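Observations on chain architecture
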Amino acid sequence: MHKESAAAGPMSLFYWISILWAPSAPSLLFLVLLGRHSGLQAGLQCVQTMTCSRWGSPSNQGLFQNGDVVIGGLFSLHYQPPELDHKFTERPYYKACTGLEHTPLQYIYAMMFAVEEINNSTVLLPGVKLGYHIFDSCGRPPWAIQAALSLIGGHSTRCKSTDPLGSFAGFTEERRGIPLIIGGASSVTSQILSRILEPLSVPLISYLSSCPCLSDRKQFPNFFRTIPSDIYQARVMAQLVIHFNWTWIGAVVANNNYGHVAVKIFQEETQGKGVCLAFVETLQRENIVSDARRAALKIQASSAEVILIFSWYTDVRELFLQLDNINVTDRQFLASEAWSTSGNLLQNVVSSKVANGVLGVAIRSSPIPGFEDYLTSLNPSHQPDNEFLKEFWKNKFGCSPEVTSLLSRASSDSTPPKELIQSGSHSPCSGAESLKEMQLAFTDTSQLRVTYNVYLAVYAAAHALHSLLYCPNTDRPAKNGSSPCSSPNHIKPKELLQHINNLKFTTTKGEVFYFQGADIQAKYDLVNWQNISEGLLKLVLVGHVNGFDLNLNESAIQWNTGSNQVPVSVCSESCPPGTRKANRKGEPLCCFDCIPCAKGEISNKSDSLHCERCPSEFWPNVDKTACILRQLDFLAFNETLGITLTTAAVSGYVVTTIVFVVFLYYRQTPMVRANNSELSFLLLLSLKLCFLCSLVFIGRPSVWSCRFQQAAFGISFVLCVSCLQVKTIVVLAAFRSARPGAGALIRWFGPAQQRASVFILTFIQVIICAIWLSLSPPVPEHDLSFQGSKVTVKCAMASVVGFSVLLGYIVLLACTCLLLAFLARNLPDNFNEAKLITFSMFIFCAVWVAFIPAYISSPGKYVVAVEIFAILFSSYGLLVCIFVPKCFIILLRPERNTKKHLMAK
């Protein structure tokens, strides 16, 4: 967690050295001498004052407890750094840090409480008293460096002699160098401290530094932390976004490594998952008002409903204020752990209007048994040297524990102490003040997050020390020379570092703890900001993250709308099955249009990039989401077209039969007997066959129907045209017989020859059909070339040549007949049948000429319908043109049905 800002305040010598320093032996020696032997100046001061103190160190900014082994602690307890007072005579003097933060004070007491528990334990470090030296770094790297160097170098407090030439023999060293430091309240501080401590192999265990850069073991081999790396929380954010199908996200991040690394990891985790960042706005601490205003306007203008924020809570507070100013209250925020549990934001009225329903990743909360009682029992009267607790007491109770102790001294002295005169306006405390009945963030142990990290860091240090100090098969610390175990008085940081690297123990919660390099296993809480009343928000636990396992209680989440309905944040609505995504030119991948799948293609899932073509036997369903087996399609008797054609065929057959009956009844009349009545009856019979053969084409094609239909069609029409051709020849012969010397012509082409001519012409077609059907007959076949939900079952022409010969023979006879009838059209008889044959053959030829292109271009079953239509239309043409005029005279104009009338000119 990066809570760093640019270092402000005085720049100490240690700070400049740490910035410019590169790890080398001479520079390291110089730094250590500054820390360990700052007593050089103190030694010179001993000549005059017989007292020693550390160079440039505030005397009232630390907590100390001696022990066999002492560990260091660095905390950012104050937010105002100390100022250098240049009015000094002997040495610089630094004023105390100001602006006490109550939450870090809880961290300090977590460390003290853990040390107390360990010292009372009979299992962990038995017989070894653990001590601590805790310093306040005031939230600035220079003071953290100064404190760290003082800790690892040790320092002296009493002089041994007054010999100014005694060099380092001029004082005794009461405090040894610290073998381990718990601290680094920011990633910047931890990076600097780790680089400084690395040559000495002094381990640094941080409870709050989460920069992924600190996982680099080559650069920071001595760094450890009890807080997960920011990489993991960025991954959790990505998991949440993917889980809720949010594909259009806005991001507001701190303009530092914390924000930039987080958004980079987020993009890497969501790459290829259909998630896009609508915008990325940065917040700079120095320009927070203008940056927050710019980010707020961007959020207002964007269509992204979900906004991801990686920044410190003070930046977020300003952003919420700017959003409230422009009345943007309908966005769903995802919070990083830097602000997801911020009490300052939760208690802010603006947050309740702008940020209701925040879903955030938080540092895991864990209880510490007995810690609440420990905190509420604190009192300055029990810890008179604890300056931090005194300052806290002044802030909360408005009284001064110092004044109380000074008054007790004044009551025994005649002269009031100088400190009492300068103590200020605080009244003395009664000593009966208690924290038990007060609702304070300091004593609130319901959600111990960073506090538990401190507690865990102390136990990690203790277990590493236990592993170092105790041999595996003994219960006591090893004696000098008796075993390879270390002595509490001679702990080497390098050995301790090795034991921390191999550390593995079970916590008080029953969890196995170990370091994976610098890191621990990622464990987070998922929290939700919910409205409990007007203007008040509460933090509700809605899930946990353990490694890569996301456990979320969705029903417990209250979203920004105030309901349990998950908000939608997309640039384009999801494409349903049956469509495909088409990216918009110049826009992110998340912005697209949904295009229906093309004919014959499907997509069976949402947001498909491509549609798939169905196999040839299959076709898309109506929604184009699945391929279904194509239905068999053919010209059936029970469909409208089939019924219409069947009715037309049957009607033609019936009408022909009626004409046949009429002719049979009036067979002795001149109209029937004229021009060979036998041919007329044979023509009527052939027309009946033509009408009936059309019915063979209707229904599902089979092997026998495919063979029979074309043969029936070909033979019936050849018989019909043959009759007409012979009748036309008879007409011509009768006309020529009236000329001198031509009587033999009609006698030569008599009834027997006419019947033989019809038989021979028809038999030729029978031979053609027999050869075709025996060699390569039509067979039933599924026509898959037609694009549709139905597959046509048709009679496929295995040999187009056979069908062409069959049809060509009919055309040849029809053209010959037309030519002969055309030549006989102007014969002088009153009733000239050649004219009727001419008109009928004109219709016949026109129908079959139009049939060919229509037959070729018709799809599916309509090919069959076109052929049936041609058969019926030509059959009706012959019937109407040849027989209707005769029936009209026979039935309605009987006076014309005489030989005289027929032969009249």
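What counts and how
Residues numbered from 1 in each chain as written. Predicted model: local features only at pLDDT ≥ 70, side-chain atom pairs only at ≥ 80, totals over all residues. Heavy atoms only, no water. Helix = DSSP H or I, 4+ residues; strand = E, 2+ residues; numbered from the N terminus. pLDDT = per-residue confidence, 0-100. Contact = heavy atoms within 4.5 Å. Core = buried A, V, L, I, M, F, W, Y, C linked by side-chain atoms within 4.5 Å. Buried < 20%, exposed > 50% of the residue type's maximum accessible area, 1.4 Å probe, protein only. Pairing = 2+ DSSP bridges. Axes fitted to C-alpha atoms, helices over the stretch in contact; angles between N-to-C directions. Phe/Tyr/Trp six-rings, centres within 6.5 Å; stacked < 30°, edge-to-face > 60°. Left-handed = near helix turned anticlockwise from the far one by under 90°. Nonpolar A, V, L, I, M, F, W, Y, C, P; charged D, E, K, R; others polar. Patch = residues over 30% accessible without salt bridge, like charges linked within 9 Å, V, L, I, M, F, W, Y side chains within 5 Å. Areas by Shrake-Rupley, 256 points an atom, 1.4 Å probe, with all protein chains shown as cover. Salt bridge = Lys/Arg side-chain N within 4 Å of Asp/Glu carboxyl O. Polar contact = N/O pair within 3.5 Å; in protein donor to acceptor, adjacent residues only side chain to side chain. Expected span 1.5 Å × (residues − 1).

Here we take up the environment of Glu-116. Among the structural elements, Glu-116 can be located in helix 4 (residues 102–119). Along the primary structure Glu-116 and Lys-129 are separated by 13 residues, whereas in three dimensions their C-alpha atoms are 9.3 Å apart.

A few words now on the confidence of the model for the protein. Summary statistics for the protein give a mean pLDDT of 81 and a share of 81% for residues scoring 70 or more. For the stretch residues 419–423, pLDDT sits under 50, and the model shows 7 contacts to residues farther than four places along the chain or on other chains. Contacts from residues 478–484, a stretch scored under 50 in pLDDT, to residues over four places away or in other chains number 6 contacts.

Tyr-109, Met-111, Leu-125, Tyr-207, Phe-371 and Phe-392 are the most contacted members of the largest nonpolar core, which totals 72 residues. Elements that contribute at least two residues to this core include exactly strand 2 (69–75), helix 4, strand 7 (130–136), helix 13 (371–376), helix 14 (387–397), helix 17 (450–469) and helix 18 (493–501). No other element matches helix 17, which puts 15 residues into this core. In this structure, Met-111 is in contact with Ile-71, Gly-72, Gly-73, Phe-75, Tyr-132, Ile-134, Ile-182, Val-454 and Val-458, ignoring residues within four places of it in sequence. Core analysis: the second largest hydrophobic core is formed by 69 residues, Leu-240, Cys-276, Ala-296 and Ala-335 among them.

This brings us to the sheet that holds strand 32 (residues 779–783). Taken together, the 3 strands give an open sheet; going across it, the order is 31-33-32, and neighbouring strands pair in mixed fashion. Only two strands of the sheet have a single neighbouring strand rather than two, namely strand 31 (631–633) and strand 32. Looking at each pair of strands side by side, their axes are set apart by 35 degrees on average, direction ignored. Two strands pair when backbone bridges link them, and strand 32 and strand 33 (residues 790–796) are joined in this way by 5 bridges, in the antiparallel orientation.

Right, let's talk about the packing of aromatic side chains for a bit. In this structure the tally under the stated criterion is 39 aromatic pairs. For the ring pair Phe-64 and Phe-135, a centre distance of 5.5 Å and an interplane angle of 75 degrees mean the geometry is edge-to-face. With Phe-64 in strand 1 (residues 62–65) and Phe-135 in strand 7, this pair connects stretches of sequence that are 71 residues apart. In this structure Phe-64 comes out as partly exposed when scored by relative accessible area, which is 36%. On the accessibility criterion, Phe-135 (5% relative accessible area) is buried. Taken together, a centroid distance of 5.2 Å and an interplanar angle of 20 degrees make the contact between Phe-75 and Tyr-207 stacked.

Moving on to the side chain of Ser-190. Mapped onto the secondary structure, Ser-190 falls in helix 6 (residues 187–197). Overall, the relative accessible area of 0% leaves Ser-190 in the buried class.

The next subject is the environment of Val-570. You can see Val-570 is positioned in the loop between strand 24 (549–552) and strand 25 (579–583). Setting aside residues up to four positions removed in sequence, Val-570 forms contacts with Asn-245, Thr-247 and Trp-248.

Direction vectors running N to C along helix 4 and helix 17 enclose 35 degrees, while the axes themselves pass 8 Å from each other. At the point where helix 4 passes helix 17, the crossing takes the right-handed sense. Where helix 4 abuts helix 17, its residues Gln-106, Tyr-107, Ala-110, Met-111, Phe-113, Ala-114, Val-115, Glu-117 and Ile-118 lie against Val-450, Thr-451, Val-454, Tyr-455, Val-458, Tyr-459 and Ala-462. Class assignment of the residues belonging to the contact of helix 4 with helix 17 gives a composition of 13 nonpolar, 2 polar and 1 charged.

The subject of this paragraph is the sheet that holds strand 22 (residues 523–533). Pairing in this open sheet of 8 strands is mixed, and the strands run 14-13-15-16-17-22-23-24 from one edge to the other. If you trace the sheet from one side to the other, it starts and ends with strand 14 (276–283) and strand 24, each paired once. Between one strand and the next, the sheet's axes are offset by a mean angle of 25 degrees, whatever the strand orientation. As paired elements, strand 16 (residues 332–335) and strand 17 (residues 359–363) share 2 bridges and run parallel to each other. Paired with Ala-335 across the two strands is Gly-360, which belongs to strand 17. Its contacts with the sheet place helix 9 (residues 288–301) against strand 13 (248–254), strand 14 and strand 15 (306–310), and it is angled at close to 160 degrees to strand 14.

Taken together, the side chains of Phe-759, Ile-760, Phe-763, Ile-764, Val-766, Ile-767, Ile-771 and Leu-775 present a nonpolar region at the surface, about 760 Å² in accessible area. Checked against the element boundaries, Ile-760 lands in helix 24 (residues 751–775).

Take the side chain of Ser-858 next. Along the chain, the position of Ser-858 falls in the loop between helix 26 (833–857) and helix 27 (862–892). Given a relative accessible area of 17%, Ser-858 falls into the buried group. Here Ala-854 takes part through its backbone oxygen, which lies 2.5 Å from a polar atom of the side chain of Ser-858. Excluding residues within four positions of it along the chain, Ser-858 makes contact with Val-863 and Val-866.

The tally for this structure, following the rule as stated, stands at 18 salt bridges. Each member of the salt-bridge network shares a partner with another, and the members are Arg-364, Lys-509, Glu-511 and Lys-523.

For helix 8 (residues 257–270), with 14 residues, the first-to-last C-alpha span of 20 Å sits near the 20 Å given by 1.5 Å per residue. In this structure, the buried side of helix 8 is in contact with helix 7 (230–243), strand 13, strand 14 and strand 15. Where helix 8 starts, the residue carrying a side-chain oxygen 3.1 Å from the main-chain nitrogen of Tyr-258 turns out to be Asn-256. Directly beyond the C-terminal end of helix 8, a positive phi value near 80 degrees is found at Gly-272.

This brings us to unusual backbone geometry. Despite not being glycine, Asn-245 has its phi angle at roughly 60 degrees, a positive value. Its place among the elements puts Asn-245 in the loop between helix 7 and strand 13. Positive phi, normally seen in glycine, also occurs at Lys-624, with a value near 60 degrees. With respect to the helices and strands, Lys-624 occurs in the loop between strand 29 (618–620) and strand 30 (627–629). The class for Lys-624 is partly exposed, based on a relative accessible area of 24%.

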